Each structure stands twice: as C-alpha cells, then as structure tokens.
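The residues making up each chain are set out below.
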Amino acid sequence: MTANKFRGATQPPKITQPIISSFLYHFSIALTAPSLPKLLNVISSPTQSILPSPLSSKLYSDLLATDQIITFLVVAPLVALSDKLGRKPLMTYSAAGVCLGWVTVILAATFSKANPTGDMTKVVALLFTGRIFDGLTSIMAPVTSAAVIDISPPSRTATNLGMLQGFAIGFAFLFGAPIGGIISSRGEPLTAFKLASGVAAANFFWTRIFVTETLAPTLRTKDSFLSSISKNANPAKNLKFIMSSDRRKFLVLSLNLVWTALNMFQVTAFNYAKHVHGWEVSRTAMYQSASGVALATIPKLLIPILGPEKTVRYGLIVMLLALLNLGAATHNHHFGCSFLLVGFGAAMVIPALTAMISDTCSANMRGKLFGAVESTVTLNRAISFPIAGRLFASGLSGGVAQVGGVSSPFFSGALSIAGAVYCFAMGAQN
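Residues numbered from 1 in each chain as written. Predicted model: local features only at pLDDT ≥ 70, side-chain atom pairs only at ≥ 80, totals over all residues. Heavy atoms only, no water.

**Q** So what exactly am I meant to see when it comes to the pattern of salt bridges here?
**A** Proximity of charged atoms lets side chains of opposite charge pair with each other. Enumeration according to the criterion identifies eight salt bridges in this entry. For R131, the salt bridge identified is with D67, shortest N-O distance 3.5 Å. One end of the pair, R131, is in helix α5 (residues 121–137); the other, D67, is in helix α3 (residues 54–85), with 64 residues separating them in the sequence. Accessibility classification places R131 together with D67 in one group, the buried group. One salt bridge in this structure joins E309 and R313, with 2.9 Å as the shortest N-O distance. Residue E309 and its partner R313 are both found in helix α12 (residues 281–328); the two are separated by four residues, about one turn of the helix. (Salt bridge = Lys/Arg side-chain N within 4 Å of Asp/Glu carboxyl O. Helix = DSSP H or I, 4+ residues; strand = E, 2+ residues; numbered from the N terminus. Buried < 20%, exposed > 50% of the residue type's maximum accessible area, 1.4 Å probe, protein only.)

Set out below in structure tokens:
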C-alpha cells in the first residue's frame, strides 16, 4: 500500500500505531482492575472495610454486567461503521469514553468518602452511569483488530493479531495490574482511577493526532452512514451473519465458551484469592501481570511453529486442566501455578482462534464481522459476570456447597472449556 491511498495520510499506516492505542486503552483498565473490587468493598461497607462481602460481590458483577449489556447493544453497528468511516474515528471515540467512565467512578468514590454512612443511592447511580459511558464506547479491541488485519499480509494475520493482543493487552496488564495493585495496597484505591483517567485522556490525544488511518477509502463499504448503522443494529441479523457459515458458527461459539470461562475466572480471582488464600491485591495483580507476559510472548513463539489450529487445541487442554486445579487447590503454590496456566492457555487460544475467524470474510466486511463477534462476547459477559458474582457470593454465605462453594465459578469455567473443545473440533473440520 502507498501513502496516497489514505485520505489525509502523509505516510503509510504502521502496525505499531493501533497497538499503542489499544495498549493505552487497556493499560487504563488494567490500572483499575485490582482497585475496583477493593473500592466497592469499602463503598458497600458501613465501616469502610476492605474485605469482600456478598453485597460488594453482587455490586461488582452487576456493574460489569451493565457495561457489557450496553456494549452488546452498540458494538456491532459501531464497529461496522468503521468499514464506512475508517478505524481511526472509532478508536478516538472509544478512548474518550473510557476516560469519562473513570471520571464518574472518581466522583462516586469522593461522594461516598464524604458521606460513608449516608444514602448510597447517588453513589450507586454514579457508578452505573460510568459503566453506561464505558459500555457505549467499549469498541477499542475489535476496531484495532480490524485495523491490524487491514495492513497485515494473510501469512502474518495470526502472528500480528497475537502481537496486538500480546503487546496491547498483555503488556498493559503486565505493567498496569501491578501498578494498580501497589497503589491500591499502599494508599487509596481511588488514586488508581485518577491515574487511569489521565492515561485514557492521553490516549485520546495520541489517537486523534498521531494515528494514521489503516482502511483505504477504496476498500470501504459503499453503504451510507445510517445504513451502516441500521444494517448492523439488529442482534438477530448479526447472529444470522455469524450462523451463515458452519465454520464461522462453531469457531465463534468456541470463542464465546472460552470467554465464559475467563469471565468466571476474572470476576472471582481477586476476592477468591483474598478469601481463600489470604493474598493481598498486589500479589494477585502480579500473577495477573504474568498472564500478560504470556499473552505478549506465546502467540509470536507458538503460532508460527504449531499453526493456529494446533495452538488452539493445546491451549484449550491447558485451560481445562488449570481451571479444575484452580478450584481444587488448597496450597498457595498450586493455586498460583494454576492461575498462571489459565493465562498461558488463554494466550494460546484467543489470538489463534480470532485469526481463524477473521479468515471467514472479506476485507471490507471485517468491521461487520468483528462487531458481530464482539456483540456475542459482550452479551456473554453480561450473562456470565453476574452469574460468577452470585456463585461466589453464595459460597461466601455458605451456599452452593454441593458444587464447590466459592470455587464453583472455576469449575463452571472448566465445563465451558469442555464445550469449547467440542465446538472447535466441529468448526475446524468444516
């Protein structure tokens, strides 16, 4: 591609640009990941206790679910709109939204601190408002994935997607989670949100000023602005598009089952580690950052050697065994090793599986495809987040003892991975 193909561009787009935008976006999220459960524990407690409670666990999962429900409603038409407008405008929009989301959390926490025993209505309303802001703009991952594929030769698609997810998400959590964990452990968790809002604001200006558009005008859809939105705003039509290919259908279903398992793991991890093993937030964050290292290195190392299909198969087996042992582990070292292996397996599966899905459509439909896929993933999160939170809350209250108590989210995740193994086998043979 030459530079004159890109409207307003002075040089050809570089793969590093969408990767940096995605890194900064996810870095702001990683900074808050260890702090949000602790902050909600404090807000939910009349005594400002940092210990998890059934109320804080439910509030945490409900906030995450609200984010995902809103994202489910808007992600497909917005990401498909990038096939019309280009990737850069939607990346800029997403960077602005996450910044506003963190600002509302800061306002809610400040109000709660000033009135610790007062009416929680305003605090909760602000928290949910923030998640709505975030949900309306949570499109950075699918848009940057489409951007990377735009400028990747077919032989490099899987590897470059691995680089995107590895460097953007892996390194974001490698550095962001420990920093957020240390800030949360040594001071007020609110400080992490202030830093995150600053990072998100910087990302807005970086993307707006320095990022070059990746989708050439000649490759964009000819649909009008309104048509691009309306044609992809119907979840049933998006599902029909995914279902129109047997291979795509089973691969997307497998991806969703993998995310179900990860959602069960992520929602529960910090509070479970504290409740069962006595881990501080900073320690859990360090293990989470190690998963970031895996995501940054494994795709680049393994996908060229094994190929996408074998990488997915082996990664699913690793995740299945790790989740089973995670719920059963009674020793800190066993729990820690299983924690790492969940991230190791996910780093193998997600980039390779995403690349296989991307091969099921043409270049000018990648935004539509990633929007449709992301809508299913966000609906998945909207369902699995509150389920995981309530399973853990029930375990804290002495319920679900017959299916593993507070460990039941991990065992449920293992069951999801077993389903992913079957669906991937069906998709790979088509």
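Picking up where we left off.
**Q** How should the layout of surface pockets be read in this particular structure?
**A** The rolling of a water-molecule-sized probe over the atoms marks out the regions of remaining empty space. When its volume is computed, the largest pocket comes out at roughly 260 Å³. In terms of lining, the largest pocket is formed by 14 residues, of which the most central are L239, V252, L253, N256 and T376. Elements supplying a minimum of two residues to the lining of the largest pocket: α10 (235–243), α11 (246–277) and α14 (366–396). (1 Å grid on protein atoms, 1.4 Å probe; cavity = no way out; pocket = protein on both sides within 12 Å on 5 of 7 lines; lining within 4 Å. Points joined across faces, edges and corners; volume = space filled by probe spheres on them.)

**Q** In this structure, what is going on with the packing of aromatic side chains? I would like to understand it.
**A** Any pair of aromatic rings gets described here by the distance separating the centres and the angle formed by the planes. The full count for this structure, using the stated rule, is 12 aromatic pairs. Look at F204 and F205: their rings are 5.2 Å apart centre to centre, the planes differ by 80 degrees, and that puts the pair in the edge-to-face class. When the ring of Y272 is compared with that of F410, the centres are 4.7 Å apart and the planes differ by 75 degrees; the resulting orientation is edge-to-face. Placement of Y272 in helix α11 and of F410 in helix α15 (residues 408–428) is noted, with a sequence separation of 138 residues between them. Residues Y272 and F410 agree in their burial class; the two are buried. Each residue in the set F265, Y272, W279, F335, F339 and F410 is aromatic and connected to the rest through ring pairs, giving one cluster. When the ring centre of F241 is taken as reference, the NZ or CZ atom of R248 above it lies at 4.6 Å. (Phe/Tyr/Trp six-rings, centres within 6.5 Å; stacked < 30°, edge-to-face > 60°. Lys NZ or Arg CZ within 6 Å of the ring centre and 35° of its normal.)

**Q** How do you make sense of the nonpolar core when you look at a structure like this?
**A** Most often, soluble globular proteins have nonpolar side chains that are buried together. In terms of nonpolar packing, the biggest core is built from 98 residues, with L127, V258 and F335 touching the most fellow members. Of all the elements, α11 adds the most residues to this core, at 13 residues. For L127, the residues in contact, after removing those within four places along its chain, are L40, I43, L59, L63, V105 and A108. A33, F270, V281 and A285 belong to the second-largest nonpolar core, a separate cluster that totals seven residues. (Core = buried A, V, L, I, M, F, W, Y, C linked by side-chain atoms within 4.5 Å. Contact = heavy atoms within 4.5 Å.)

**Q** Can you walk me through empty space enclosed by the protein in this structure?
**A** Tallying each qualifying case throughout the model produces four cavities of 30 Å³ or more. Breaking the lining of the second largest cavity down by element, the ones donating at least two residues are α3, α11 and α14. For the lining of the second largest cavity, the residue count by class is four nonpolar, four polar and no charged. (Nonpolar A, V, L, I, M, F, W, Y, C, P; charged D, E, K, R; others polar.)

**Q** Can you walk me through a nonpolar patch on the surface in this structure?
**A** A cluster of nonpolar side chains, Y314, I317, L321 and L324, forms an exposed patch at the surface whose accessible area comes to about 390 Å². Along the chain, the position of L321 falls in helix α12. What makes L321 exposed here is its relative accessible area of 54%. (Patch = residues over 30% accessible without salt bridge, like charges linked within 9 Å, V, L, I, M, F, W, Y side chains within 5 Å. Areas by Shrake-Rupley, 256 points an atom, 1.4 Å probe, with all protein chains shown as cover.)

**Q** When you look at α11 in this model, what are you seeing that I'm missing?
**A** In an α-helix, one turn spans 3.6 residues, which is why side chains three or four residues apart end up on the same side. For α11, with 32 residues, the first-to-last C-alpha span of 44 Å sits near the 46 Å given by 1.5 Å per residue. The largest bend along α11 measures about 55 degrees and falls at A269. With 23 of 32 residues buried, α11 lies mostly within the body of the structure. One or two positions beyond α11, positive phi appears at G278, with a value near 70 degrees. (Expected span 1.5 Å × (residues − 1). Bend = angle between axes of the 7 residues up to and from the residue.)

**Q** Explanation requested: the side chain of R131 in the structure shown.
**A** Residue R131 is classed as buried on the basis of its relative accessible area of 5%. With residues near it in sequence (within four places) discarded, R131 still touches L63, T66, D67, G101, W102 and V105.

**Q** Before we go on, may I ask you to explain the confidence of the model for the protein chain in this structure?
**A** Atomic detail in the predicted coordinates should be set aside for any region of low pLDDT. Here the protein chain shows a mean pLDDT of 83. Residues at 70 or above account for 91%. Averaged pLDDT values for the elements of the protein chain fall to 71 in helix α9 (residues 225–230) and rise to 94 in helix α8 (residues 190–210). This model gives residues 1–10 a pLDDT under 50, and the stretch forms 19 contacts once residues within four places in sequence are excluded. In the predicted structure, residues 399–403 sits below a pLDDT of 50 and forms nine contacts with residues beyond four places in sequence or in another chain. (pLDDT = per-residue confidence, 0-100.)

**Q** Please explain the environment of R208 as it appears in this structure.
**A** With respect to the secondary-structure elements, R208 resides in helix α8. Considered as a pair, R208 and A428 are 220 residues apart in the sequence and their alpha carbons are 39 Å apart. Not counting residues up to four positions away in its chain, the partners in contact with R208 are K88 and T92.

**Q** It is not clear to me how the environment of G198 should be interpreted in this structure. Could you clarify?
**A** With respect to the helices, strands and loops of the structure, G198 is situated in helix α8. A C-alpha to C-alpha distance of 9.5 Å links G198 and V103, two positions 95 residues apart in sequence.

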